[in-house]
Amino acid sequence: MKASTLGATRVAPRSRAPTAKPATSFDVKLCIVFFFFFFPFLLLSSGFKQVYSVRPLSPFLLSETATRGEAIGFIQASLKQVDRFRHIYSHICSFKLCDLQFGLQIRVGSSICEPLAPKAKNLRSAMETDLNDYTVIKEGEAEVLMHKKNQVFFNKAQVNNRDMSIAVLRAFISKRKQEHEAMLSKRARSSGKVSETSKEETPTENGEDNGKTNGEHKVTSQDEPKEAPKIAYESARRELKPPRVLEALSASGLRALRYAREVEGIGQVVALDNDPASVEACQRNIKFNGLMSTSKVESHLTDARVHMLSNPKEFDVVDLDPYGAPSIFLDSAVQSVADGGLLMCTATDMAVLCGANGEVCYSKYGSYPLKGKYCHEMALRILLASIESHANRYKRYIVPVLSVQMDFYVRVFVRVYTSASAMKNTPLKLSYVYQCIGCDSFHLQSVGRSLPKNNSVRYLPGVGPVVPQDCTHCGKKYNMGGPIWSAPMHDQEWVTSILNGVKSMKDRYPAYDRICAVLTTISEELPDVPLFLSLHSLSATLKCTSPSAALFRSAVINAKYRVSGSHVNPLGIKTDAPMEIIWDIMRCWVKNHPIKPQSPEHPGSVILSKEPSHQADFSRHAGSLSKAQAKKVARFLPNPEKHWGPKIRAGRTITSKHVSLLGHEAVNGHLNGNHKEAGAEEEETQEDINEDEPDLKRQKTAEDIASTS
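Residues numbered from 1 in each chain as written. Predicted model: local features only at pLDDT ≥ 70, side-chain atom pairs only at ≥ 80, totals over all residues. Heavy atoms only, no water.

An unreviewed UniProt entry annotates the chain as tRNA (guanine(26)-N(2))-dimethyltransferase of Capsella rubella. You can read under Catalytic activity (unreviewed entry) in the UniProt record for the chain the words "guanosine(26) in tRNA + 2 S-adenosyl-L-methionine = N(2)-dimethylguanosine(26) in tRNA + 2 S-adenosyl-L-homocysteine + 2 H(+)". What the UniProt record of the chain gives under Sequence similarities (unreviewed entry) is the line "Belongs to the class I-like SAM-binding methyltransferase superfamily. Trm1 family." (UniProt positions renumbered as here; feature names shortened; annotations may be inferred.)

1. Let's talk about the overall build of the chain
From N to C terminus, the chain includes 25 helices and 19 strands. By the burial criterion, 44% of the 709 residues in the chain qualify as buried. Long-range contacts, defined here as pairs at least 24 residues apart, represent 70% of the contacts in the chain between residues at least 6 apart. (Helix = DSSP H or I, 4+ residues; strand = E, 2+ residues; numbered from the N terminus. Buried < 20%, exposed > 50% of the residue type's maximum accessible area, 1.4 Å probe, protein only. Contact = heavy atoms within 4.5 Å.)

2. Focus on the sheet that holds strand β7 (residues 297-301)
The strand order across the open sheet built from 7 strands is β7-β6-β5-β8-β9-β11-β10, with neighbouring strands paired in mixed fashion. Edge positions in the sheet fall to β7 and β10 (396-406), since each of these pairs with one other strand and no more. When strand polarity is set aside, the average angle formed by the axes of neighbouring strands in this sheet is 15°. Across 5 bridges, strand β8 (residues 315-320) lies against strand β9 (residues 337-347) in parallel orientation. Bridging across to β9, valine 318 finds its partner in leucine 343. The strands touched by helix α15 (residues 375-392) within the sheet are β9, β10 and β11 (409-418), with β10 carrying the most contacts at an inclination of about 160°. (Pairing = 2+ DSSP bridges. Axes fitted to C-alpha atoms, helices over the stretch in contact; angles between N-to-C directions.)

3. As for the side chain of serine 332
Looking at the element boundaries, serine 332 is found in helix α12 (residues 327-336). Of the polar contacts made by the side chain of serine 332, one reaches the backbone oxygen of phenylalanine 329; its length is 3.2 Å. Among all residues touching serine 332, those that are not within four sequence positions of it are Arg305, Met308 and Leu309. (Polar contact = N/O pair within 3.5 Å; in protein donor to acceptor, adjacent residues only side chain to side chain.)

4. Section: the side chain of serine 431
Inspection of the secondary structure puts serine 431 in strand β12 (residues 430-436). Among the polar contacts made by the side chain of serine 431, one reaches the side chain of serine 486 at a distance of 2.8 Å.

5. Here's the deal with the environment of methionine 489
Among the secondary structure elements, methionine 489 is positioned in the loop between β16 (478-485) and α17 (492-504). Those residues in contact with methionine 489, other than ones at most four positions away along the chain, are Glu377, Leu380, Arg381, Leu384, Pro400, Val401, Leu402, Ser403, Pro527 and His567.

6. Quick look at the packing of helix α19 (residues 535-542) against helix α21 (residues 579-592)
Two numbers describe how α19 lies on α21: the axes approach to 11 Å, and their chain directions differ by 60°. Between α19 and α21, the angle is such that the two are oblique. Of the two possible hands of crossing, α19 and α21 adopt the one that is right-handed. Taken together, the residues of α21 that come into contact with α19 (itself represented by Leu538, Ser539, Thr541 and Leu542) are Ile582, Trp583, Met586 and Val590. (Parallel < 35°, antiparallel > 145°, perpendicular 65-115°, else oblique. Left-handed = near helix turned anticlockwise from the far one by under 90°.)

7. Focus: unusual backbone geometry
Backbone torsion omega between glycine 464 and proline 465 reads -5°, so that peptide bond is classified as cis. Mapping proline 465 onto the fold places it in the loop between β15 (456-461) and β16. Each neighbour pair has its own omega, and for glycine 482 with proline 483 the value is 0°, a cis peptide bond. With respect to the helices, strands and loops of the structure, proline 483 is situated in strand β16. Unusually for a residue other than glycine, asparagine 454 sits at a positive phi of about 55°. Even without glycine at this site, leucine 531 takes up a positive phi of about 65°. Checked against the element boundaries, leucine 531 lands in the loop between α18 (512-523) and β17 (533-534).

8. Considering the nonpolar core
Ranked by internal contacts, the top residues of the largest apolar core, which has 83 residues, are Val318, Leu320, Leu343, Leu353, Ile387 and Phe552. Per-element tally for this core: the top contributor is α15, with 10 residues. Taken together, domain 1 (303-489) and domain 2 (508-631) each give at least three residues to this core, which thus spans both. Residue contacts for phenylalanine 552: discarding those within four places in its chain leaves Leu535, Leu538, Pro547, Ile573, Ile582, Ile585 and Met586. (Core = buried A, V, L, I, M, F, W, Y, C linked by side-chain atoms within 4.5 Å. Domains from an automatic or database assignment.)

9. A closer look at the packing of helix α20 (residues 549-558) against α21
Orientation of α20 relative to α21, taken along the N-to-C sense of each, is 125°, at an axis distance of 11 Å. Classified by the angle their axes make, α20 and α21 are oblique. The chirality of how α20 crosses α21 is right-handed. Taken together, the residues of α21 that come into contact with α20 (itself represented by Leu551, Phe552, Ala555 and Val556) are Ile582, Ile585, Met586 and Trp589.

Here it is in structure tokens:
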């Protein structure tokens, strides 16, 4: 009876995983005592205030399946490693352990303590990681662990690139919502018109069959299932899903993590790489950044080209930032972007794009570059023309939103659309460039032209050549390059929106000053004028002193032409004035500022030998200074530190030849560190040998004694 009574009054235990042991009250007491009393005292006594930082993060350390042995093991391991902690992140979590809300997460140094449950081997593998091999790098709201041996590529200078991408991505999400709302309102208006016409038609029909059907129709059970799927389908179509982002070459995953943590309204972020070390680092960094990152970012070991081809029109945003040329990824990228989606592309092979190896540029991008002061802008336009060419093969076309040249690379942001008819306008957006080899004169010739005929448009090849065999200004020959993108490479409405968004969130951009300066200069550019002139180069051709930019711009404006600066070059001048007017202005300047006589065959002498047909007016005009210049806003900032540029490829050993990229201090420190590590390894191996020899002797002696006895 007692046994049955006890069995009846016993409370059923909580349902737990079959492999886990129920935690006892000892677990709770031990964890509470250690983490709330003993552990903080230990940290404070060891200089916690100066060395450690505590912040709340997502919890997952002690779950309800944690056992007594695992808790003790974790505490013992923590005591051994406490002198090596650099960052400790703690947070009271919502796990239930023996009816008590309790939990703690600790991140150690530059590594991650894995969840203890259900197996303790995760703890051992985490503790075995050498914490001194990693460095915590924080950028924006993301933190990544970087190995000191250059196993995964990382360049601090690309913070400008990442900040600019986040600014454009925020503007894209806002614009996408506006377009979706406009589409819904347009559909609502069209459906309203249709319903009005149907109402007008129904009385006549009902009047004809008034005795049979008017007011007598009843909704049957068969009609209801037909309406339900319609409503569900319409609601699904009205719903705008968060944009999916693909980072094709993720490396450490810093860019993907910043997208997930900093861009509001973003959906899933897929990070790809075909390097196992990079994928491992990316997955480690995803866990290191907590629950928000693990729920939004996923990393895969795969070829980006295969993944993009396998998922056509699946991603709203595709980001290409390779080490070098992006040409091999463009064909698959333009297929992977959804209709109206955003393609962000970076090219760092500036030597190729700027004319150092013209044949290589033609093989990669399908355009021949020219060496000139405008070569960096030409690089932007070559990249845009290449993307357009790849998109046209699939009846798609691009609309540039923003095109930027910064530091040592070019970066373009384009939207991709599908339209077989709009694709026919591509030849009108491309042009060949004729560059004189004697002076700075250049001319553009369109690849195609359109001819309106009745209600249709007829497309024809471009008429040329636009220049004679010899230059009309200096008598020299022309070099021909291209084709390049000659249509606008910025959308001024987008640029203004992006700039306003950056200024409103100043504290969330680590490179705020730089990207704000670049966007300000772009907002003042002439959007429909390709390439630019260099004032110093014009003066060098004539061997004269250079006029100030304000005076030269005033002369152009007084001649009834437009003029602006360029974000690519501080001395660049964009204008729609023909080269005849430009040289007339310079001739008038030289008359007021005489020069020494030059050889009659020199291009400058040939240009000055002609009388100006237009008399330049150098009186100061109000529009000679841009709004940013008038307000003294910084537009071209110096690099924040030395050796702010490209870095060596991941996996390569740093040697003395990398001084130009990294600097003497970094290279010497790395080489000295390697020598010290090698010397320490040799000492350890020698000590191991010395320790092993006595053991062998003792074993031999013991064996001898055993044999003699």
